[in-house]
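Residue-level structure breakdown
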Amino acid sequence: MINLLKAVLSLFRSTLNLIESAFIAFYVGSSFNSLALMVVLFVTFMGSLFLNAVIPFVLGWAFLAFVAVYLNIDQPLITALVVALIAGGIRYLISRIRFRS
């Protein structure tokens, strides 16, 4: 029973990157009303995961926060940049804790 639980948790952990990249691509693409942007972002995230597992998601969450604050909430550019830096930094810290050896 414990081995089954470990297998299910490892399956969830391996699909977490796929779910996260799909969410970022969907949100950013729907903000611009562009299906092509969704597909390009998703393929870019999946391709860049082979090179580095941290940088694509840090940039993705920073871009997602920028789009959410600047386009959807209509805040000034400096506020959107600060929120993007904070979101990217938080995602970087989460990845450093998660991938710690």
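To be clear, the structure that these remarks concern was listed above.
Residues numbered from 1 in each chain as written. Predicted model: local features only at pLDDT ≥ 70, side-chain atom pairs only at ≥ 80, totals over all residues. Heavy atoms only, no water.

Between side chains of opposite charge, a pair can form as their charged atoms come close. The final tally for this structure, using the stated rule, is one salt bridge. Between Glu20 and Arg91 there is a salt bridge, with the nearest N and O atoms lying 2.7 Å from each other. You can see Glu20 sitting in helix α1 (residues 2-31) and its partner Arg91 sitting in helix α4 (residues 77-98), a full 71 residues away along the chain. This pair shows no difference in class: Glu20 is buried, exactly as Arg91 is. (Salt bridge = Lys/Arg side-chain N within 4 Å of Asp/Glu carboxyl O. Helix = DSSP H or I, 4+ residues; strand = E, 2+ residues; numbered from the N terminus. Buried < 20%, exposed > 50% of the residue type's maximum accessible area, 1.4 Å probe, protein only.)

Classification of Arg91 by relative accessible area gives buried; the value is 8%. Apart from residues lying up to four places away in sequence, Arg91 is in contact with Glu20, Phe57, Val58, Trp61 and Arg98. (Contact = heavy atoms within 4.5 Å.)

Ile24, Ala25, Val28, Leu41, Phe45, Phe57, Leu64 and Val67 form the largest nonpolar core, which has eight residues in total. Counting five residues, the second largest nonpolar core, distinct from the first, contains Ala62, Val69, Ala80 and Ala84. (Core = buried A, V, L, I, M, F, W, Y, C linked by side-chain atoms within 4.5 Å.)

This brings us to the packing of α1 against helix α3 (residues 55-72). Geometrically, a packed helix pair is captured by the angle between its two axes and the distance between the axes. Direction vectors running N to C along α1 and α3 enclose 30°, while the axes themselves pass 10 Å from each other. As the angle between them shows, α1 and α3 are arranged roughly parallel. In this structure, the crossing between α1 and α3 has a hand that is left-handed. Across from Asn17, Glu20, Ser21, Phe23, Ile24, Tyr27, Val28 and Ser31 in α1, the residues of α3 making contact are Phe57, Gly60, Trp61, Phe63, Leu64, Val67, Ala68 and Asn72. Classifying every residue of the contact of α1 with α3 by side-chain character gives ten nonpolar, five polar and one charged. (Axes fitted to C-alpha atoms, helices over the stretch in contact; angles between N-to-C directions. Parallel < 35°, antiparallel > 145°, perpendicular 65-115°, else oblique. Left-handed = near helix turned anticlockwise from the far one by under 90°. Nonpolar A, V, L, I, M, F, W, Y, C, P; charged D, E, K, R; others polar.)

Just geometry here; none of it tells us what the structure is for.
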